[in-house]
Amino acid sequence: MEKISPSSSFTIAQPMKKNPFVPKKQNSFWLHSKVLIWKQFLVFSRNIKSTLFQIGTPVFICLFLLSLQQFATYAFTSTIDRNPDNISVSKVPTCYGSGCITIGIAYTNDKRTELTEFVVDHISKAQNFKIGKDIKVLANTYTDLIDYLKENTNKTQTVVLFCTGEFEIPESYGIGGTFDCLRETPGYNLTIYSLLINSTITGLTLFTGFNAPSPVDYASLAVKAAVDSAIYEFYNGDEDSNKVFGVEVEHFPSPTNRFLQGYDIVTDVGVFYFFIPPMVTFVVILIEIVREKEYRLRHGLSMMGMSSGPYWFSWFVTGFAFTFIVTNSLIIASLACGFGFFLYTPYPIVLCLFTVFSLAMINLAFLLSTLIKSTKSAYTTSYAFILIGLVLQFLLSNVTLIYLLYADNLPMWAKICRVLLSLYPPFNFSKAFGDISSVSASHYDSDEGRWVRGNDYPWSEFTRTISVDMLGTQVNVPSTADSVLIIIGNGLMIALIAWYLDHVISHNRGTPDPFYFFLSPYYWGLKKKRRLQEQEVLSDAGLDNEKDPCPSMMSEVDFTEGISIRGLGKRFEQYKCCRPTTEIHAVNDLSMDISSRELLAILGHNGAGKSTLINILTGLTKASYGSATICGYDIHTEMDKIRKILGVCPQHDILWDELSPKEHLILFGRIKELPYDVVIKDAEEKLKQVRLEHVKDRLVGTFSGGMKRRLSVAISGVGNPKIIILDEPTTGMDPINRRNAWKLIQQMKEGRVVILTTHSMEEADVLSDRVCVIVDGELKCLGTALSLKNNYGDGYRITIITEEPEELTKVLQEEFPAAKVIDLSGGSLVISIPLDRVEQIELFFRTMEGLEEGSIKRVKDLIKDWGLSNTTLEEVFMRVTGKKEKV
Ligand SMILES: Nc1ncnc2c1ncn2[C@@H]1O[C@H](COP(=O)(O)OP(=O)(O)OP(=O)(O)O)[C@@H](O)[C@H]1O
């Protein structure tokens, strides 16, 4: 196979050392942060619906609250009720239950006998009650009355007790003590009686309106009116006059809805609704970070040299920007709606409260994103979080309930609850919101029993310890400023946990740190790691050159320029019910060297372990054992340095649908710390090389698979990395674009180490300096394509068309003893001639040209047509991978 020579129209910058565009020393943290913020700005500005939804949420909420407020104001508008309903209380309601007595009469003084008889008679006539059934004399002593009531429980609705003087009730009656009904005032001829009301069987009346007295009051009034009428007649009137006193009940003329007048929706439920805008930002940030993780976009950035610090910082800045916009949108909309909370509270205090709370929630989003792997789980988690958050928020809307938690005399469990709740930012937010709204917004004043207008919120109030009277006890509550500080503390604590989890959970950064990483002085840069020497790498892996079981796999490489792999392995454990069941040995004790200026093609069947090897070398997967160095840097400890000199085209495209190819190249170029003008020039050039210059400003989301692949190949060369790793770079490309990609790869390999995995034997043949074949994670062979063909191939092969294949086979075996029959089917015969017997090829040529005499001439007579070819790499591959028996 003829190798494609680099075309003069393609230019590529030299590797880092000789690169004229070597970046000036810059602060990578700020540079990376800036470019990531720029990237996030582009992504969000192109996800316009989601961004507008985020910014518009506060406006919707304010409009919703305003309509609720309008409705409440309309419903609770106060009017003076000048003519309240009056209820006539003349008819004594009859009691419930069979055999019950509506009015029972008792007296404790014989002098009263005459009066009581008159009363019974009068009421029975006036109320149309049957004597002995509805009205009855029950007793003439108090003790008899109690005996009667004890024996006839719930049988009498009202007892009218006429009595004079004071008398003892014996202890045996259970109630004991002195009963006094002597209240005759000297000078007045008063008749005193007591009404004993049994509310259990009191007959209910369907009263009209809210102004009606309670049924018990109603019954008392009616009985009193009836008894008084009778007494009046007894003393003054005529027994048969049937005159009665009528009673009517009526409220004072007063404002209606007095308790709801001045109601403020923001004070009442504001904390519930204003919780939503920061939560929308929380959800958007959480989902976007998890999406970058799931689609390996973060890994892509890391592989190209971005560290975690700028990554999180850029997200924090993005979150801050959203918070600022969303909070101001909320404030402006609330001011426009005339909500007292916002009108009378200084702007910096409102801004500070909402910003601090929103940032704490963004940190919570960071924390959750370190635990969640997929966007689907991120959606589920965030919805669950919002739902639970809203329920809690509903409970926390009542600031009095929060204040109650600060009382001194609470049981221990309640104090623990308060401490736990104060770790939850929305709790502190609700408290601070309640503190402010109970001053600046209209609020319910329990002393006055009505809603009072809010006042300007003074700055001094912000730092003042709040003291409230709760059921007669003074409760001291932390100041609003303290609550804001606690929210800041919550945010910092959450960020710290997120930072820790990000380091120790493997799916976050590829290679996880040990759980004690923060104790290492190397982590903080207090100690510098010593560069490994070659011999150390070898002995780390339990190998050295003398003991090397497969010396051909390790060539003489410059340790600081190429790649050395020693005894590298990766085992994956598969879990079922949290227990490891099977173990996959994806890479098995692999050792080899790749020198600089060499392109190594790695061949292997599906699942052979090629991608795993590449993932280990790029730091996405941690090796289970063994070691490797890239340009002298240890993959276990110096991945940060390796990534600065690494360009990767991963197996799955790591691209943002919302960015254009040009923006991708600028993004990665800036991550490689190239100056902006160089990045722009390089981007244009690379887009030409992969034939994407005509779509350089189109969004990648609209690209075909092959176009994305070409862009990925172009990205791998950004920043002139010393090492380029290409994992199946031409998959999905059409033949023309594949050849263009090959040209690009050939130029890339000038002066660098390139590792390429592929399933295309032609690609390996065309591009590689050396080829290695991996089978089930083990390195089976390594060498130039030609040497592998020589070692593993069948030599030259001759394909012959004949009409007498059996006869020809016999003759060939006699005349060419080195030839081996590979295939005999139909009229075609394929024989191979080993490389060490190449003189037999010459003999075959001469025979076919008629230059040989003797019995050998029979060969020419039996052959109709023939052709000669070399062993292909595919055959080598089939043989090495065990798919084809050696002939
Ligand atoms: N995260 C993982 N967990 C469990 N097993 C894995 C994991 N990643 C890879 N493997 C297993 O390791 C083996 C090697 O996989 P790898 O992706 O490296 O193969 P490959 O040679 O790249 O295959 P292909 O050519 O199909 O891409 C496979 O059996 C695969 O199932």
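The structure presented is a predicted model; accordingly, all values stated were derived computationally and were not measured.

Parameters and conventions
Residues numbered from 1 in each chain as written. Predicted model: local features only at pLDDT ≥ 70, side-chain atom pairs only at ≥ 80, totals over all residues. Helix = DSSP H or I, 4+ residues; strand = E, 2+ residues; numbered from the N terminus. Buried ≥ 20, exposed ≤ 12 C-beta atoms within 10 Å, placed from the backbone. Contact = placed C-beta atoms within 7 Å. Pairing = 2+ DSSP bridges. Axes fitted to C-alpha atoms, helices over the stretch in contact; angles between N-to-C directions. Near = placed C-beta within 6 Å. Nonpolar A, V, L, I, M, F, W, Y, C, P; charged D, E, K, R; others polar. pLDDT = per-residue confidence, 0-100. UniProt positions renumbered as here; feature names shortened; annotations may be inferred. Parallel < 35°, antiparallel > 145°, perpendicular 65-115°, else oblique. Left-handed = near helix turned anticlockwise from the far one by under 90°.

Asks: I'd like a rundown of the overall build of the protein, residues and numbers included.
Replies: Summing up its helical and strand segments, the protein has 31 helices and 28 strands in all. Here the protein holds 887 residues, and 40% of them are scored as buried. A fraction of 74% describes how many contacts in the protein between residues 6 or more apart in sequence connect residues 24 or more apart.

Asks: Lay out the sheet that holds strand β3 (residues 101–107) in plain terms, naming residues and giving numbers.
Replies: Judged by pairing direction, the sheet is mixed, and its four strands sit side by side in the order β4-β3-β5-β8 without closing on themselves. The two strands at the open ends of the sheet, each matched to only one other strand, are β4 (135–139) and β8 (193–197). Adjacent strand axes in the sheet meet at a mean angle of 25° when their direction is disregarded. Set on the sheet, helix α3 (residues 113–127) makes contact with β3, β4 and β5 (156–162); between it and β3 the angle comes to about 165°. Against the sheet, helix α5 (residues 215–236) makes contact with β3, β5 and β8, and its axis sits at roughly 150° relative to β8, the strand it touches most.

Asks: How would you sum up the site of the ligand? Please name residues and give values.
Replies: Lining the immediate environment of the ligand, one finds Phe 572, Ile 584, Ala 586, Gly 604, Asn 606, Gly 607, Ala 608, Gly 609, Lys 610, Ser 611, Thr 612 and Gln 651. When residues of the shell around the ligand are traced back to their parent elements, those giving at least two are β16 (579–594) and α20 (610–617). In terms of residue count, the dominant contributor to the shell around the ligand is α20 (three residues). The class makeup of the residues in the shell around the ligand is four nonpolar, seven polar and one charged.

Asks: Describe the environment of Gly 632, naming the residues involved and giving the relevant values.
Replies: Looking at the element boundaries, Gly 632 is found in the loop between β18 (625–630) and β19 (633–634). Sequence separation of Gly 632 and Ser 564 is 68 residues, and the distance between their C-alpha atoms is 8.2 Å.

Asks: Outline the environment of Val 484, supporting the account with residue identities and numerical values.
Replies: Tracing the backbone through its elements, the reader meets Val 484 in helix α17 (residues 480–504). Residues Val 484 and Leu 353, 131 residues apart in the sequence, show an inter-C-alpha distance of 6.4 Å. Setting aside residues no more than four positions away along its own chain, Val 484 makes contact with Cys 352, Leu 353, Val 356 and Ala 432.

Asks: Go over the confidence of the model for the protein, please, and point to the residues and values.
Replies: Here the protein averages 82 in pLDDT, and 85% of its residues register 70 or above. The least confident element of the protein, judged by mean pLDDT, is helix α19 (residues 534–540) at 47; the most confident is helix α11 (residues 347–371) at 96. The low-confidence segment residues 1–23, where pLDDT is below 50, has 41 contacts with residues more than four positions distant or belonging to other chains. The low-confidence segment residues 532–555 (pLDDT under 50) makes 37 contacts with residues lying over four places distant or belonging to another chain.

Asks: Tell me about the sheet that holds strand β28 (residues 863–869), and name the residues and values.
Replies: The strand order β26-β27-β25-β28 describes an open sheet built from four strands, whose pairing is antiparallel. For this open sheet the edge positions go to β26 (820–825) and β28, each flanked by a neighbour on one side alone. When the angles between neighbouring strand axes are averaged without regard to direction, this sheet yields 20°. One ladder, built from six bridges, connects strand β25 (residues 796–802) with strand β27 (residues 828–833); its direction is antiparallel. Across the sheet, residue Ile 800 finds its bridge partner in β27, namely Leu 829. Sheet strands touched by helix α28 (residues 805–815): β25, β26, β27 and β28. Its angle to β27, the strand with the most contacts, is close to 15°.

Asks: Tell me about the UniProt feature "transmembrane region" (unreviewed entry) in the protein, residues and numbers included.
Replies: UniProt records the feature "transmembrane region" (unreviewed entry) at residues 271–290, 311–341, 347–371 and 383–406, using the numbering of this structure. For residues 347–371, the helix share is 100%, the strand share is 0%, and the end-to-end C-alpha distance is 37 Å. Taken end to end, residues 383–406 is 83% helix and 0% strand, and its first and last C-alpha atoms sit 31 Å apart.

Asks: Could you give an account of the packing of helix α1 (residues 28–46) against helix α9 (residues 308–337), with specific residues and numbers?
Replies: Look at α1 against α9: their axes get within 8 Å of each other, and the N-to-C directions meet at 45°. Taken together, the axes of α1 and α9 are oblique relative to one another. Helix-helix and strand crossings are classified by hand; for α1 and α9 the assignment is right-handed. Each of Phe 29, His 32, Ser 33, Leu 36, Ile 37 and Gln 40 in α1 lies in contact with α9, whose residues at this interface are Gly 309, Pro 310, Tyr 311, Phe 313, Ser 314, Val 317 and Thr 318. Partitioning the contact of α1 with α9 into residue classes produces seven nonpolar, six polar and no charged.

Asks: Let's hear about the packing of helix α2 (residues 48–75) against helix α6 (residues 265–273): which residues, and what values?
Replies: The relative placement of two packed helices is expressed as an angle between their axes plus a distance between the axes. The geometry of α2 relative to α6 is characterised by a closest axis approach of 11 Å and an angle of 150° between their N-to-C directions. As summarised for this structure, α2 and α6 are arranged roughly antiparallel, according to the angle between their axes. In the packing of α2 onto α6, the handedness of the crossing is right-handed. Along the contact surface, α2 presents Ile 61, Leu 65, Leu 68, Gln 69 and Ala 72, while α6 presents Ile 265, Val 266 and Tyr 273.

Asks: Talk me through the pairing of strand β21 (residues 723–727); I want residue IDs and the actual numbers.
Replies: The buried fraction of β21 amounts to five of the five residues, a majority that puts the element mostly inside the structure. Side chains Ile 723, Ile 725 and Asp 727 of β21 all project onto a buried face; the interleaved residues Ile 724 and Leu 726 project onto the opposite face, where all are buried too. Bridge analysis of strand β20 (residues 646–649) against β21 gives four bridges, and the strand direction is parallel. The residue of β21 that forms the bridge with Gly 647 is Ile 724. Pairing of β21 with strand β22 (residues 753–757) involves five bridges; the strand directions are parallel. Looking at the pairing, Ile 723 lines up with Val 753 of β22.

Asks: Explain the environment of Leu 808 to me, and be specific about the residues and the numbers.
Replies: With respect to the secondary-structure elements, Leu 808 resides in helix α28. For Leu 808, a count of 21 C-beta atoms within 10 Å gives the class buried. Sequence-wise, Leu 808 and Lys 860 are 52 residues apart; in three dimensions their C-alpha atoms are separated by 9.6 Å. Ignoring sequence-local partners within four residues, the contact set of Leu 808 consists of Ile 800, Thr 802, Leu 829, Leu 862 and Ile 863.

Asks: Tell me about unusual backbone geometry, residues and numbers included.
Replies: In this structure, Asn 128 is a non-glycine residue whose phi angle is positive, near 60°. Along the chain, Asn 128 falls in the loop between α3 and β4. Under the C-beta neighbour-count criterion, Asn 128 is labelled exposed, with 9 such atoms within 10 Å. Positive phi, normally seen in glycine, also occurs at Glu 728, with a value near 45°. Summarising the element assignment, Glu 728 is placed in the loop between β21 and α25 (735–748).

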